[in-house]
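# Coordinate analysis (summary)
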Amino acid sequence: MEKIYSRTLTIQEDKVSGFCPGCMHSTVVKLIGEVIDELGIIDKSVMITGIGCCGLHMDYIAYDTITAPHGRACAVATGMKRTSPDSLIFTYQGDGDFASIGLAESVSAANRGENITVIFINNGIYGMTGGQMAPTTLLGMKATTAPKGRIAEEHGYPMHMCEILNQLTAPHYLERTSCNTPQNVIKTKNAIKKAFTYQLEGKGFSMVEIVTSCPTNWGLDPLDALDFIEQKMLPEFPLGVIRDKK
Amino acid sequence: METNLCVAGFGGQGVMTLGKFLAQATCDSTDKNVTFFPSYGAEQRGGTANCFVVISDGMIGAPLGDVMDDLIVMNGPSLVKFLPTLKQGGTLFINSSIVDEKDVNRPDVKVVKAPVTEMALDMGNAKVLNVIMLGVYVGYTEVVPPDVVWSTIEHKLGSKPKLLPLNKQAFEKGLEIGRSQK
Amino acid sequence: MARTLMKGCEAIAEAAVRAGCRFFAGYPITPQNEIPEYFARRLPEVGGTFVQGESEVASVNMVYGAAAAGTRSMTSSSSPGIALKSEGISYCAAARIPIVYANISRGGPGVGAIQPAQQDYFQATKASGNGGFEMLVLAPSTVQEAVDLTYAAFDYADRDRNPVLVLADGVIGTMMEPVELPPMKTDEEIAAIKASKKAWACTGHKLDYANRAWIQPGQWNTVIMQQENEKAAALYASWQKDIQVEEYMIEDAEVVIAAYGICARIGKSVVDICRAQGKKVGLIRPITVHPFPYASFDKIDYGVCKGVLDVEMSIPAQLVQDVDLGVKGRCPIETCLCSGGNIMSREAVLEAVDAILAK
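Residues numbered from 1 in each chain as written. Chains lettered and ligands numbered in written order. Predicted model: local features only at pLDDT ≥ 70, side-chain atom pairs only at ≥ 80, totals over all residues.

Here we come to the interface of chain C and chain A. How large an interface is tends to be reported as the accessible area lost when its parts come together. Facing 38 residues of chain C, the contacting portion of chain A comprises 31 residues. Of all the elements in the fold, those that place two or more residues in the side of chain C that touches chain A are strand E2 (23-26), strand E3 (49-52), helix H3 (56-68), helix H4 (79-95) and strand E9 (214-215) of chain C. The leading source of residues in the side of chain C that touches chain A is H3(C), at nine residues. Of the residues assigned to the side of chain C that touches chain A, the class counts are 20 nonpolar, 13 polar and five charged. (Contact = placed C-beta atoms within 7 Å. Helix = DSSP H or I, 4+ residues; strand = E, 2+ residues; numbered from the N terminus. Nonpolar A, V, L, I, M, F, W, Y, C, P; charged D, E, K, R; others polar.)

Turning to the domain arrangement of chain C, a few remarks are in order. Residues and elements named next belong to chain C. When the domains of chain C are assigned, the result is domain 1 (4-195) and domain 2 (246-357). Computed over C-alpha atoms, the centres of domain 1 and domain 2 are 28 Å apart. Residue-level contacts link 25 residues of domain 1 with 21 residues of domain 2. Of all elements in the fold, only helix H5 (121-125), strand E6 (136-138), strand E7 (164-169) and helix H7 (170-174) reach the threshold of two or more residues within the side of domain 1 that touches domain 2. Broken down by element, the residue count for the side of domain 1 that touches domain 2 peaks at four residues, all from H5. Classifying every residue of the side of domain 1 that touches domain 2 gives 16 nonpolar, seven polar and two charged. (Domains from an automatic or database assignment.)

Moving on to the interface of chain C and chain B. Each partner contributes residues to the interface: chain C has 17 residues there, and chain B has 16 residues. At the level of secondary structure, the elements contributing two or more residues to the side of chain C that touches chain B comprise H7, strand E8 (176-179), helix H10 (261-276) and helix H12 (346-357) of chain C. It is H10(C) that provides the largest number of residues to the side of chain C that touches chain B, a total of four residues. In terms of residue class, the side of chain C that touches chain B is made up of eight nonpolar, three polar and six charged.

Now the structure itself:
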């Protein structure tokens, strides 16, 4: 019988995912793994994880990985890629990591046009620490540090990282995707593949921002969380290619 | 034998270069120990500048001693600031174009005068005042042989050969003044 | 060998290049700007990479990344900037990544003063970041020693897979002095060093669950976390063999000066002056300030020693606490201190020595 699908070897078989039900981290890491598989670059891939739930992958991905201090993944990636230009160097960061504590490192690496890829997981909340407000938290959305919900006068507005980086000249490719529907999962995989391919071609900085859910800290069951993405998150964070220099 | 020298003036008078030339010559052509220590204000331009050069047959402790054997002052404020650090019987070298000998309230020190600002202007390049003063200092003290100092200057100016004749002239004029006041 | 007149900062950078350092990231701060400036000119000549980071925090993490990919890498800063680097240093120590960094220390606390000081002793030797890690901390007192210790620092870092700190001060960093430079490592030697790290470096591995590179500055598993800390503790304990100290005329000394870095050379010149006058003065100069050469203080003859004089450019005194642990109450300890940006006065040290002798 013809084999039309098998699990990616880039995730260790004997390890169990530690993610909450409905979490999309596992989806994205599977997609990354499939892309690495398909491109045949397992032996040159390095994931730099941020701090937070994104770091839960380190135990069971099957390729090289290093944990960066909170927010510093793009700086670590800079040092790594500059000295190891043949490796595929990508960061895997949440919204607190990439857009709050790591804002300087993120924007500066993008502005230098570092030949790295950022996989940016935007679920509008801090996950591992228990539901605190993120720079991407929606207006009115409750967080443990914004018990009345995000208020513009007090907290400002959600940050749109693709659009912010689009103000810079250097970045090569910026796309925002989601994983809330099968179609969007496929688009996310294609975006990751495109970003990695650009890096392998030496084209410079690329980022895929993936709008995901956090059912646990949103206080929703996984299916309702998918609706929340569709109805609340995507109007604030519209999907699509923000920049593609090709 | 250890010589502690302080060179002080305005930023832009080439004070640091003077000190560095001396230290470089000592390093290149003698077995002596030498240190050069710069001291700047936080300003990039126009502030005061001073540096310290220690030349010694033995180990050098501080690159900036408490008491100076020799002091070169290129402007008035530096005289006020550094004259108290000059040891009894020490030698003071003044840029007599803008530092008034009457302000030297230390009868216990030897004063060597050279109007280096005017001399440099007469030579057509205000910048060579430090090279004249270096000549004065080396001519007077012979702490390092003058030919060694000149070859260091020559080497350092290697990328600007056009400036060599002027600097050679400046250095020699300085040597003459220094030797004549021994 | 030929002598070259070099500024301390530039000499440190050249020594690093000669030791095979091929990546440097840093951020401007006085009085260490000549280190990044030198690397910016020099590294491209030898096929290396210089990056001016957007901050000290970013710079140290770039170095973490480059070193984790197997390249000999360095950063530098001065006191307030070193404080910012503490996060990355702690990560390097936890993840056992070999990096070298230099602190050309200035006044403090806070923005302090741009002039030289030794206010960072505790930070350097006791807690350069969270988590109780330790490092070899090397404290040069001449430009030549800054060169030699920086060159050696890369070997120590690679041997131990641990950060090494060169603790200099603004005087050592900004003064010029003749130096003899160590040999330049060849491209082949540098490639061999990098190749020797291939097993653990993050540059990609063939698919093999057990043998991928897995660089972790922390552990989810509490048992493994404790094991990692025990391994680190064993490493730190092994450094007793690496202690370097200069003991100068202490056997018969009635006064022993204890000082490191710039103060030590001033102290040594005081010893020479005193000995010429028939005064029995000696010097203990820790070259590794961590681990500290406590045992040197056992060589003092406490039957004749009237006191140990701690000389440091720090107020309050910091080194004195380690001196105290070495002396163990066997004689009085006095201090001769300055701070605020002025260099230690030889006259002041001489007076302090005389005051002890007069007792």
